[in-house]
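# Observations on chain architecture
One-letter residues, chain by chain:
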Amino acid sequence: GNMVEWCLPQDIDLEGVEFKSMASGSHKIQSDFIYFRKGLCFGLACFANMPVESELERGARMKSVGILSPSYTLLYRYMHFLENQVRHQLEMPGHYSHLEAFYDDKKGVLPDSKGTPSSQQPIHWLPSIHRYMYPEMKITHPAGCMSQFIKFFGEQILVLWKFALLRKRILIFSPPPVGVVCYRVYCCCCLANVSLPGLGGTVPESKPFFYVNVADIEMLETEVSYVACTTEKIFEQKRDLYDVYVDNQNVKTHHEHLQPLLKINNADKEKYRRLNDQRQMLMYSQEVGEDCSSCEEDLFILFFMEQNNRIFQTLMEVSASQDKTLTADHARGMGLDPQGDRSFLMDLLEVYGIDVMLVIDNPCCT
């Protein structure tokens, strides 16, 4: 099995981290990177696999070199260092001087003994539209993780958007490499951004757990909301651990009352068309050199944040009105389909505890 061969500080609790930092099935690939969660900290590890002429190592030497931090937003900065170090560890096992120097240089941003970060506070998903406040991660692919996410899922991102906004437990399965799948976890969480003050103090936080494996089952049993990815197919059978299971581009749920949310309706198609139109305009303005400051990540996050804000603004206005009645016109004004999004709206009102009466009649069968 996996083992931790070296760490600093030496007294830190790293139980289970040897399985989080090396995805199950990694022996089939040459290299990978992996984001994960350990307690209150987040980790980034780089994995590499090198053939060796050694019976003891069964012809292959596999290692991961990783770091833990109270916030995942800056971990990408050290990706290149970790990639170099894992190669170094494969070729010269047991030489840790570069890692010691790195730790001495960076340890100020790790939590102190009380468990509170001494400088870098974790950045949460919600509060602000300001472009430097939301989580920033760079992908290794030059096209950016948001555009990859949109191309991969297509209109299905509107299905994921509804589940993310309802704070469902979303588990994404994929065989290794898992690095790009960790970015799908991040993108999924970005779908649920809301910047309205005073909303949902009682609503569960949307937690990015990134990579999880069977060692995390006990922890996942206690979670009411999360987004995570795994390379272990056994999770599909453990239905009590998730609400939504994503296998490749296939999004499914075993909960009967959530089944209607899997259907793409006309309002979803319209939203997807608008998102693509905005992307095309952004690409055009970048080509002609008019706009170099905006990026696709900003556009993607703001598109869904504005959509979410519009929904909750309307719901809060209706709940503050005298008759508290939400009509089909309200639904259309929020960019939702009065019929197709009826069950989504009902779930939304329940999850966020908004006191509104929904009066959208189902059409009679003809």
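Attention here is on the structure that accompanies the text. (Residues numbered from 1 in each chain as written. Predicted model: local features only at pLDDT ≥ 70, side-chain atom pairs only at ≥ 80, totals over all residues. Heavy atoms only, no water.)

### Observations regarding empty space enclosed by the protein
Following the criterion strictly, the structure yields one cavity of 30 Å³ or more and no others. Each pocket or cavity is described by its volume, and for the largest cavity that value is around 30 Å³. A per-class count over the lining of the largest cavity returns five nonpolar, two polar and one charged. (1 Å grid on protein atoms, 1.4 Å probe; cavity = no way out; pocket = protein on both sides within 12 Å on 5 of 7 lines; lining within 4 Å. Points joined across faces, edges and corners; volume = space filled by probe spheres on them. Nonpolar A, V, L, I, M, F, W, Y, C, P; charged D, E, K, R; others polar.)

### Structural notes on the environment of Gly94
Here Gly94 shows up in the loop between α2 (79-91) and α3 (97-106). Sequence separation between Gly94 and Glu5 is 89 residues, and the spatial gap between their C-alpha atoms is 8.7 Å. What Gly94 contacts, discounting residues up to four positions off in sequence, is Glu5 and Gln89. (Helix = DSSP H or I, 4+ residues; strand = E, 2+ residues; numbered from the N terminus. Contact = heavy atoms within 4.5 Å.)

### Brief notes about the nonpolar core
Membership of the largest hydrophobic core comes to 97 residues, with the highest contact counts inside it found for Ile157, Phe300, Phe312 and Leu315. Ranked by residues supplied to this core, first place goes to helix α9 (residues 296-320) with ten residues. If you count residues domain by domain, this core takes at least three from each of domain 1 (15-104) and domain 2 (141-314). Non-local contacts of Ile157, meaning those with residues more than four positions away in its chain, are made with Phe149, Ile150, Leu191, Tyr272, Leu275, Phe300 and Phe304. Leu171, Phe173, Val212 and Leu220 belong to the second-largest nonpolar core, a separate cluster that totals twelve residues. (Core = buried A, V, L, I, M, F, W, Y, C linked by side-chain atoms within 4.5 Å. Buried < 20%, exposed > 50% of the residue type's maximum accessible area, 1.4 Å probe, protein only. Domains from an automatic or database assignment.)

### Some points on the side chain of Lys271
Looking at the secondary structure, you find Lys271 in helix α8 (residues 266-287). Within the buried core, Lys271 has no salt-bridge partner, and the shortest N-O distance to an opposite charge, that of Asp268, equals 4.0 Å. Apart from the residues within four sequence positions on either side, Lys271 is in contact with Leu158, Trp161, Phe303, Gln307, Gly335 and Leu336. (Lys, Arg positive; Asp, Glu negative; His and termini not counted. Salt bridge = Lys/Arg side-chain N within 4 Å of Asp/Glu carboxyl O.)

### Quick word on the state of the cysteines
Per the stated rule, a full pass over the model turns up zero disulfides. Here Cys145 is not disulfide-linked; the sulfur of Cys187 is the nearest cysteine sulfur, at 3.9 Å. Residue Cys145 is classed as buried on the basis of its relative accessible area, which comes to 6%. There is no disulfide at Cys189, and the cysteine sulfur nearest it, in Cys188, is 6.8 Å away. (Disulfide = S-S within 2.5 Å.)

### A look at the packing of aromatic side chains
Enumeration over the complete set of coordinates arrives at 21 aromatic pairs. Ring centres of Phe33 and Tyr35 lie 6.4 Å apart, and the angle between their planes is 85 degrees; this geometry places the pair in the edge-to-face category. Each member of the pair, Phe33 as well as Tyr35, carries the same accessibility label: buried. Taken together, a centroid distance of 5.2 Å and an interplanar angle of 80 degrees make the contact between Phe303 and Phe304 edge-to-face. Residue classification places Phe303 among the buried positions, given a relative accessible area of 5%. Every member of this aromatic cluster is reached through a ring pair, and the members are Phe149, Phe152, Phe153, Trp161, Phe300, Phe303, Phe304 and Phe344. (Phe/Tyr/Trp six-rings, centres within 6.5 Å; stacked < 30°, edge-to-face > 60°.)

### Describing α3
Inspection of α3 places Leu99, Phe102 and Tyr103 among the buried residues, and these make up the whole buried set. The buried residues of α3 occupy an angular sector of 100 degrees when projected down its axis, which confines them to one face. Where α3 is buried, its residues contact β3 (60-69) and α2. (Arc of directions from axis to C-beta.)

### What about the side chain of Arg61?
Mapped onto the fold, Arg61 is located in strand β3. Taking relative accessible area as the criterion, Arg61 reaches 17% and is therefore assigned buried. A distance of 2.6 Å separates a polar side-chain atom of Arg61 from the backbone oxygen of Leu90. Among residues more than four places away in sequence, those in contact with Arg61 are Ala48, Asn49, Met50, Val52, Leu90 and Pro93. (Polar contact = N/O pair within 3.5 Å; in protein donor to acceptor, adjacent residues only side chain to side chain.)

### What about α8?
Given a rise of 1.5 Å per residue, 22 residues ought to cover 32 Å, and the 32 Å separating the end C-alpha atoms of α8 matches this to within 8%. Residues Ala267, Asp268, Lys271, Tyr272, Leu275, Arg279, Leu282 and Ser285 constitute the buried set of α8. Across the axial projection of α8, the buried residues extend over an arc of 155 degrees, all falling on one side. Turned more than 90 degrees from where α8 packs its buried face, Asn266, Met281, Tyr284 and Glu287 sit exposed. For α8, the secondary structure elements touched by its buried residues are α4 (145-153), α5 (156-165) and α9. Structurally, the start of α8 carries an N-cap: the backbone nitrogen of Ala267 is 3.0 Å from a side-chain oxygen of Asn265. Gly289 occupies a position one or two residues after α8 and carries a positive phi of about 80 degrees. (Expected span 1.5 Å × (residues − 1).)

### Quick notes on the packing of α9 against helix α11 (residues 342-351)
Describing two packed helices takes the angle between their axes plus the distance from one axis to the other. Two elements in contact, α9 and α11, have axes whose closest approach is 12 Å; the angle formed by their N-to-C orientations is 70 degrees. Taken together, the axis directions place α9 and α11 in an arrangement best described as roughly perpendicular. The way α9 lies across α11 gives a crossing that is right-handed. Every residue of α11 that contacts α9 at Ile311, Phe312 and Leu315 is listed here: Leu345, Leu348 and Leu349. (Axes fitted to C-alpha atoms, helices over the stretch in contact; angles between N-to-C directions. Parallel < 35°, antiparallel > 145°, perpendicular 65-115°, else oblique. Left-handed = near helix turned anticlockwise from the far one by under 90°.)

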